[in-house]
Amino acid sequence: METFGWLLMATVLQILFCFDTTYCFVAMIPVLNKVVSKFDDRLINISYVFEHPESITNQSLSYEAHVLRELKDMKMTVAYYVVSSESMNRLLQRTVDVCSYVKRPNSDRLVKVLYDHMARNNRLPSVCPIPARERFYIRDLRPAAITIPGFLPENNFIFDTSFHTGALLQPLFQLRYHGRLMRIINGNIFPTVQPQPSKRPKPPMSDK
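No experiment lies behind these values; they were computed from the predicted model shown.

Visitor: Mind showing me how you'd approach the side chain of Ser55 here?
Guide: Mapping Ser55 onto the fold places it in the loop between strand E2 (44–51) and strand E3 (60–67). Here Thr57 takes part through its backbone nitrogen, which lies 3.4 Å from a polar atom of the side chain of Ser55.

Visitor: Whenever I open this one, the pattern of salt bridges confuses me. Can you help?
Guide: Between side chains of opposite charge, a pair can form as their charged atoms come close. Inspection of the entire model under this criterion finds six salt bridges. Two residues, Arg139 and Glu64, come together in a salt bridge whose shortest N-O distance is 3.8 Å. Highlighted residues: Arg139 in strand E6 (residues 135–141) and Glu64 in strand E3, separated in sequence by 75 residues.

Visitor: How do you make sense of unusual backbone geometry when you look at a structure like this?
Guide: Glycine aside, negative phi is the norm for most residues, and most peptide bonds take the trans geometry. Backbone torsion omega between Cys128 and Pro129 reads 5°, so that peptide bond is classified as cis. On the secondary structure map, Pro129 appears in the loop between helix H3 (109–119) and E6. One non-glycine residue, Asn121, adopts positive backbone phi at about 60°. Residue position: Asn121 is located in the loop between H3 and E6. Overall, the relative accessible area of 75% leaves Asn121 in the exposed class. Positive phi outside glycine occurs at Asp140, with the angle close to 55°. Tracing the backbone shows Asp140 in strand E6. Residue classification places Asp140 among the partly exposed residues on the basis of a relative accessible area of 48%.

Visitor: Before we go on, may I ask you to explain the state of the cysteines in this structure?
Guide: Evaluation of the coordinates by the stated rule reveals one disulfide. Between the sulfur of Cys99 and that of Cys128 lies a disulfide, 1.7 Å long from S to S. With a gap of 29 residues between them, Cys99 in helix H2 (residues 98–103) and Cys128 in the loop between H3 and E6 connect regions that are remote in the sequence. As far as burial versus exposure is concerned, Cys99 and Cys128 are alike and both buried.

Each value, and the rule that gives it
Residues numbered from 1 in each chain as written. Predicted model: local features only at pLDDT ≥ 70, side-chain atom pairs only at ≥ 80, totals over all residues. Heavy atoms only, no water. Helix = DSSP H or I, 4+ residues; strand = E, 2+ residues; numbered from the N terminus. Polar contact = N/O pair within 3.5 Å; in protein donor to acceptor, adjacent residues only side chain to side chain. Salt bridge = Lys/Arg side-chain N within 4 Å of Asp/Glu carboxyl O. Buried < 20%, exposed > 50% of the residue type's maximum accessible area, 1.4 Å probe, protein only. Disulfide = S-S within 2.5 Å.

As structure tokens, then:
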């Protein structure tokens, strides 16, 4: 009942604040509570720093990747799971051929928007095959600055990114983000669902 009361109050306040949509700004931001990485250290080394994890709007992530062997091809799969105390459901999944995109950047508009955003002031793969001893980095990536599609529910989530290489799609590395979506209205943060452990098995991490 207490949770329902908070949600009801948040809804009422939203209506009061947004009676004139001209002056109403509503956004959803991801707030992370854990990042998990796994990689094949024969092929690549991955390191990351998760800064200000206790913050809501100032969290940031920085990554370094050192390629140890030539990667002739690579596929990326992203999946988004909605998590509650009783279930975990995959809402989205998409696979992208990274080398095909690098060779023809205009072939996928959605990936191009994301790639161009990530590439600013960072170093990402720009040729394929990817030579050995190459180093890539992403610095100061702020989750709160990422635009969230409006159809995603305000709930706990797992966002999974996994990369595979070779004809047999050998697991290369995987990054998994645990967190929740929070609603911001005119700069004010509203109550949301708190992280709850799922009773169902989590999606398996790729084998090393």
